[in-house]
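# Observations on the model geometry
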Amino acid sequence: MRIRLVATTAVAAGALTALSAVPAQAAEYDSALKIRGIQYDAPGSDSNRCSGGNTAAEYLTIENYSRSTTVNLKGYVVKDAAGNRFTFTASHTLQPGDYVKLRGGNGADSDSKNVVYRDNCNFMWNNDKDTIYVYKPSGSRADVHSYTKRGSDADGNGYITYHG
């Protein structure tokens, strides 16, 4: 009886070790649209003034990784861990391999320059750690990534690459 208990305990411990070794970000979502990278810490001192601030220097790059499907961003939602959110309300299409930079601050959205502005001068991403969620118009998750300044940004430049 004791041998069986030890073997069962060893198997259970091995299963827990295997489960805990898989990072929370290991899940891949069935989506062509993924987070390519984030400039979570704008260069210089943070200034969220609409005039002369640097919130536009903080951005999230989202890419269409499909080889054949065009994606319209209308209805996609980007959120952070605190619940700050941005919804793409206008049509903005990404051809396969194309990307868009979602920037803070105010500006003119441009397909030719691959940029969409949040029209909000507050910073969305925390400089120490945060989680980025991208949701499809259906409400299902397209992608998610967490970061910490110390653990994710080896060179300390405020930019992290995900799906290179």
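Located above this text is the structure these notes cover.
Now for a description of the structure that goes with this document.

Basis of the calculations
- Residues numbered from 1 in each chain as written.
- Predicted model: local features only at pLDDT ≥ 70, side-chain atom pairs only at ≥ 80, totals over all residues.
- Heavy atoms only, no water.
- Helix = DSSP H or I, 4+ residues; strand = E, 2+ residues; numbered from the N terminus.
- Buried < 20%, exposed > 50% of the residue type's maximum accessible area, 1.4 Å probe, protein only.
- Contact = heavy atoms within 4.5 Å.
- Areas by Shrake-Rupley, 256 points an atom, 1.4 Å probe, with all protein chains shown as cover.
- Pairing = 2+ DSSP bridges.
- Axes fitted to C-alpha atoms, helices over the stretch in contact; angles between N-to-C directions.
- 1 Å grid on protein atoms, 1.4 Å probe; cavity = no way out; pocket = protein on both sides within 12 Å on 5 of 7 lines; lining within 4 Å.
- Points joined across faces, edges and corners; volume = space filled by probe spheres on them.
- Nonpolar A, V, L, I, M, F, W, Y, C, P; charged D, E, K, R; others polar.
- Disulfide = S-S within 2.5 Å.

### Structural notes on the overall build of the chain
- Secondary structure summary: the chain contains two helices and eleven strands in total.
- When the helices and strands of the chain are listed from N to C terminus, the series reads α-β-β-β-β-β-β-β-β-β-β-α-β.
- Going through the 164 residues of the chain one by one, you find that 38% of them count as buried.
- Taking the contacts inside the chain whose residues are at least 6 apart along the sequence as the reference set, 58% of them involve residues at least 24 apart.
- On the chain, roughly 9,400 Å² of surface is accessible, and the fraction owed to carbon and sulfur atoms is 51%.

### Some points on the side chain of Asn54
- Along the chain, Asn54 falls in the loop between strand 1 (33-39) and strand 2 (59-64).
- A residue is classified by how much of its surface remains accessible, and Asn54, at 13% relative accessible area, is buried.

### Regarding the sheet that holds strand 5 (residues 85-87)
- Read across the sheet, four strands follow the order 5-4-9-10 without closing on themselves; strand pairing throughout is antiparallel. Every other strand in the sheet has two partners, leaving strand 5 and strand 10 (141-148) as the edge strands with one partner each. Adjacent strand axes in the sheet meet at a mean angle of 10° when their direction is disregarded.
- The sheet contact formed by strand 4 (residues 77-80) and strand 5 spans three bridges and is antiparallel. Note on strand 5: the bridge partner recorded for Lys79 is Arg85.

### Notes on the environment of Pro43
- Within the element layout of this structure, Pro43 appears in the loop between strand 1 and strand 2.
- On a C-alpha basis, the gap between Pro43 and Thr55 in space is 9.7 Å, while along the polypeptide they are twelve residues apart.
- Filtering out sequence-adjacent residues up to four positions away, Pro43 remains in contact with Asn54 and Ala57.

### Overview of the layout of surface pockets
- A volume near 160 Å³ is recorded for the largest pocket.
- In terms of lining residues, the largest pocket is bounded by 14 residues, among which Phe86, Thr89, Ala90, Asp109 and Val116 are the most central.
- Among the secondary structure elements, those contributing two or more residues to the lining of the largest pocket are strand 5 and strand 8 (115-117).
- Considered class by class, the residues forming the lining of the largest pocket number five nonpolar, five polar and four charged.

### With respect to the state of the cysteines
- Within the structure shown, the criterion is met by one disulfide.
- Sulfur-sulfur distance for the disulfide between Cys50 and Cys121 comes to 2.1 Å. Between Cys50 and Cys121 the sulfur-sulfur dihedral comes to about 120°; the bridge is accordingly right-handed. Of the two residues, Cys50 sits in the loop between strand 1 and strand 2 while Cys121 sits in the loop between strand 8 and strand 9 (129-135), which places them 71 residues apart along the sequence.
- Judged by its relative accessible area of 59%, Cys50 falls in the exposed class.

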